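Chain residues, written in single-letter form:
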Amino acid sequence: MYLTVRILSIFRALALCLLLLAAANLDGYGQKIYADVQRSGTTGTGGTITDPNFSVDVSNLTNYTRLSASSTVLVSGGAWQQLTFSSRTFLANSTVFIKVNVASSLLGGGITAQTYVGSNASSVGSIVTSQSTYFTSIDGATYLAVTGNSNFNAIRITLAPPALLGVSTADIYYAFYEPTNKACAEVLGTSVGGTGISLGGGVANPLNAVDNNLNTYSSLNGGILGLGYTISQTAYFSNLSNIGDAATITFSLPPSLLQLSLFNNININLYNGSALVNSGTIGGLLSLDLLGLLRSGQRYTVSYTPENVVFDRIEVSIATGVALLTDLRIHEIQRTPAKPIVPIAHPSVETVCYGSIATLRATTASEGSVLRWYNQLNDGTILLEGNEYTTPPVTIAVGDTAFYYVATAWASGCPAESQRVKITVVANPLPTITLSSSLDMCQGDVNSLLSYTNIANDPTRYSIAWSGSPVGFVDVNDAPLPLNNITLTIPASASAGTYTGILRVKNITTSCESEGIAFSIIVHPKPNVPNLEIITNSQY
Amino acid sequence: MKTTMKRLYVSLMLMTMYSLPVLAQVTPTTPDVKLFCDGSTLDLGTPPVGSDWIVRYSTTPTDTPTEGIVLSGNIISAADLNSGYYYIISKGTGAGACESEMQEVPVYKFAALAVDFTAPTSYCIEDVASQEFTGSATSTDSYTSLAYQWYTVNAGVETAISGATSITYKPSETVTPGTETTYRLKAGYLVDGLRYCSAIVDKAISVTVKPAKPTITISGVTGEAL
């Protein structure tokens, strides 16, 4: 009996754990939370709701609820649907997204969204003040982004009767909220905007800036008139960033003459919902050595990391009337971990000895991210994913440089990466000497001079490693290098034969050591002592 | 007190002087010495196959002789042969070949001797008993132990005069008067009973006969007839 109770207790505990894990999986690990309860209704006469539960059926996100509104000569009516998150109440300034399909003409006011609090299956709850906006997703759908000014748990979408006679519809697919996480930051879509009107200004191919393809781009054309106005493009993300995440913009310009100061007219504005929380300029993220790259039309990625704010929208705006930046090409607007922290970043240089490997190190300030190493600024194959990259032997010429780059990305395998931070590697030349030909010495002798010439790159120390560790031969480590000759110490007991060793010389300033210089010494046997019989010949 | 200190100082100095090692010069009695005459050469003979002789020299024994001797063939020339220590080394003729350990050869070179003796070019047999030839030898050598031998030389063949081994010689009384005899004095350095580097001097000495008894008729005073 007792055993049965214990087993049941264990099963209950396991079940509770599984339940908690499932809940956590729903709420905190990158998964969207969908509205799961709906209420709907009509206004006036003539409005209808078709398949009202399809918009809360998360098992099939391609289904939709259709709201229809009509206006006739005699009557008119609209429809509404309230989508409720039964398990969540969102804090003020949270943003919920609703995927809809409506005629663009309705986005000017024919369809509206309103947040509610206290909503459930039997009550609509109370209205909460909110702001909403809309944007287009990559697949051409429209999203409404609705931000409540205070806590809320539901959104009502209302389709007003058409202003003119006729019928209008709004298809509601689903509403969702995504908590902050460290998975890939999903760009839902983009919108374009601006202030004022600049002749010839606008944004071409805006979706190309959020299509996760760095080779395509939108073009922000500032126009030639309307000085003081702006053209902007905004990317919308499915959730709020972590503190410390970066707004990462990849951009290029048509090949042209540029001045760095022109980039001060390109702003990066970060929003939490509809609230602007931080601003910066691309110009502040660039250095002079990039001008050549940008002038040649190549793309460049910058990561802008605001301090202590979270955001779910990134707006890139360009001041109009700046003649030379009339065509800013935005290849991608992404949200990534902050760019890596590199102890020795360009223009400082990492110095190694010629032919040696360089161990490059970087860290990431964004928890849950990884470092990716490259040997080119754009594109290329990942050399390594990790905090430390060991280069191949550096064999660049003296005065030349090798470049490596490191970027951060979420460890969940997102393709989106931060700005690649450049690391410059230079090689110190190796000291060298030229040894004389092989040495000969006699058995029993203990010293032999190894002479050398052709000193290059300031060797001041030498080391000798005898091959095969012959008995009595002692290796030399970092001994001061004498002028012209190195005295080899050979054990008196060394038997006749050939002994080989490897000599290396070192420049103590650079700590660079030459490649091994092989040498050999032949210990010759000694002839026997002469045994001359000398006869005195002067006797008489 | 002052005197005592002085004595102590002198004693210490003497002790120091006597305790200094004295490197011996070669003498004719140095063990294993090889003796040579002034003007001699030293032929080392043919070296082992595939090797050459190397000769170094020092006036005193040493483990590190530095003065090299240039051989003429395998011969140490007369000019290079001096008293001292010669170190003979064989060395292969191949590249990097080694020198053997050294064979030490102490050499003593006697200085040249000059010999002479005083004697009349002739003497009367009647005076033979009073004759004595006196030899002399002069040399710059510090070694002064000499041996002498008197000879008669006839037709180039010397014949030792038995017992005539001192620096003086009394000619025999049996020499036939009226004849000329060549006497030779040979002197050499005497070492361990053996003689070296001799020099000779020859002199021809005549022995004259005793004149016959003169027959003299002496005419005395004639008796006078008184």
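Because the structure is a prediction, the values reported are computed rather than measured.

1. Details of the overall build of chain B
Now for step 1: The secondary structure content of chain B amounts to one helix and 15 strands.
Now for step 2: Here chain B, with 226 residues, has 23% of them falling under the buried criterion.
Now for step 3: Taking as baseline every contact in chain B between residues at least 6 positions apart, the subset at least 24 positions apart corresponds to 68%.

2. Considerations on the overall build of chain A
Now for step 1: Along the backbone of chain A there are two helices and 38 strands.
Now for step 2: Buried residues in chain A amount to 41% of all 540 residues.
Now for step 3: Sequence separation of at least 24 residues holds for 74% of the intrachain contacts in chain A that already meet a minimum separation of 6.

3. A few points about the sheet that holds strand E30 (residues 432-435) of chain A
Residues and elements named next belong to chain A.
Now for step 1: Taken together, three strands build an open sheet; the order of strands is E30-E32-E35 and the sheet is antiparallel. Lying at the two open borders of the sheet, with one neighbouring strand each, are E30 and strand E35 (485-489). Neighbour-to-neighbour, the strand axes of the sheet open up by a mean angle of 40°, direction not taken into account.
Now for step 2: Inspection of the sheet shows strand E32 (residues 447-456) paired to E35 by five bridges, in the antiparallel sense. When the bridges of E35 are listed, Asn447 appears paired with Thr489.

4. Section: the pairing of strand E7 (residues 111-117) of chain A
Now for step 1: Pairing of E7 of chain A with strand E11 (residues 154-159) of chain A, which is carried by six bridges, proceeds in the antiparallel orientation. Looking at the pairing, Ile111 of chain A lines up with Leu159 of chain A of E11 of chain A.

5. Examining the sheet that holds strand E23 (residues 349-353) of chain A
All names here are of chain A.
Now for step 1: With mixed pairing, five strands are arranged side by side in an open sheet as E23-E29-E28-E25-E26. The open sheet has two edge strands, E23 and strand E26 (384-385), and neither has a second partner.
Now for step 2: Relative to strand E29 (residues 421-428), E23 runs parallel, the two sharing five bridges. Across the sheet, the residue bridging to Val349 is Thr424, located in E29.

6. A closer look at the confidence of the model for chain B
Residue and element names in this part refer to chain B.
Now for step 1: With 89% of its residues at a pLDDT of 70 or more, chain B has an overall mean of 88.
Now for step 2: Note on residues 10-21: pLDDT is under 50 here. Beyond four places in sequence and across chains, it has zero contacts.
Now for step 3: This complex was scored by the predictor with a pTM of 0.67 and an ipTM of 0.70.

7. Side note on the environment of Ile517 of chain A
Residue and element names in this part refer to chain A.
Now for step 1: Inspection of the secondary structure assignment puts Ile517 in strand E38 (residues 517-524).
Now for step 2: Residue classification places Ile517 among the partly exposed residues on the basis of 17 C-beta atoms within 10 Å.
Now for step 3: C-alpha of Ile517 to C-alpha of Arg504: the two residues are 13 residues apart in sequence and 6.2 Å apart in space.
Now for step 4: For Ile517, the residues in contact, after removing those within four places along its chain, are Leu435, Ile502, Leu503 and Arg504.

8. What about the interface of chain B and chain A?
Now for step 1: With 27 residues of chain B at the interface, the matching set in chain A holds 18 residues.
Now for step 2: Of all the secondary-structure elements, those providing two or more residues to the side of chain B that touches chain A are strand E1 (34-37), strand E6 (84-92), strand E7 (103-110) and strand E15 (194-208) of chain B.
Now for step 3: Take the side of chain B that touches chain A: its biggest share by element is five residues, from E15 of chain B.
Now for step 4: Taken together, the residues that form the side of chain B that touches chain A break down as 14 nonpolar, nine polar and four charged.

9. Points about the pairing of strand E22 (residues 328-336) of chain A
Residue and element names in this part refer to chain A.
Now for step 1: Taking burial as the measure, the nine residues of E22 include nine buried ones, the bulk of the element.
Now for step 2: The pairing of strand E15 (residues 218-221) with E22 spans three bridges and is classified as antiparallel. Residue pairing across strands places Leu220 opposite Leu328, the latter belonging to E22.

10. Examining the confidence of the model for chain A
Residue and element names in this part refer to chain A.
Now for step 1: In this model, chain A carries an average pLDDT of 87, and 89% of its residues clear a pLDDT of 70 or more.
Now for step 2: Mean pLDDT across the elements of chain A bottoms out in helix H1 (residues 2-27) (40) and peaks in strand E33 (residues 461-466) (97).
Now for step 3: pLDDT under 50 marks residues 1-29. Its contacts with residues more than four places away, or in other chains, come to nine contacts.

11. So, the environment of Tyr177 of chain A
Residues and elements named next belong to chain A.
Now for step 1: Mapped onto the elements of the fold, Tyr177 is located in strand E12 (residues 166-177).
Now for step 2: In sequence terms Tyr177 and Lys32 are 145 residues apart; their C-alpha atoms lie 5.7 Å from each other.
Now for step 3: With residues up to four places along the chain from it excluded, the contact list for Tyr177 reads Lys32, Ile33, Phe85, Arg88, Phe90, Ser94 and Val96.

12. Regarding unusual backbone geometry
Residue and element names in this part refer to chain A.
Now for step 1: Pro347 follows His346 through a cis peptide bond whose omega is 15°.
Now for step 2: Here Pro347 is to be found in the loop between E22 and E23.
Now for step 3: Unlike most non-glycine residues, Asn205 shows phi in positive territory, near 50°.
Now for step 4: With respect to the helices and strands, Asn205 occurs in the loop between strand E14 (202-204) and E15.
Now for step 5: On the neighbour-count criterion, Asn205 (13 C-beta atoms within 10 Å) is partly exposed.

13. Points about the environment of Ile161 of chain B
All names here are of chain B.
Now for step 1: Inspection of the secondary structure assignment puts Ile161 in the loop between strand E12 (157-160) and strand E13 (168-169).
Now for step 2: Placed ten residues apart in sequence, Ile161 and Pro171 show a C-alpha to C-alpha distance of 9.8 Å.
Now for step 3: Excluding residues within four positions of it along the chain, Ile161 makes contact with Trp150, Tyr151 and Thr152.

Reading the values: rules and limits
Residues numbered from 1 in each chain as written. Chains lettered and ligands numbered in written order. Predicted model: local features only at pLDDT ≥ 70, side-chain atom pairs only at ≥ 80, totals over all residues. Helix = DSSP H or I, 4+ residues; strand = E, 2+ residues; numbered from the N terminus. Buried ≥ 20, exposed ≤ 12 C-beta atoms within 10 Å, placed from the backbone. Contact = placed C-beta atoms within 7 Å. Pairing = 2+ DSSP bridges. Axes fitted to C-alpha atoms, helices over the stretch in contact; angles between N-to-C directions. pLDDT = per-residue confidence, 0-100. Nonpolar A, V, L, I, M, F, W, Y, C, P; charged D, E, K, R; others polar.

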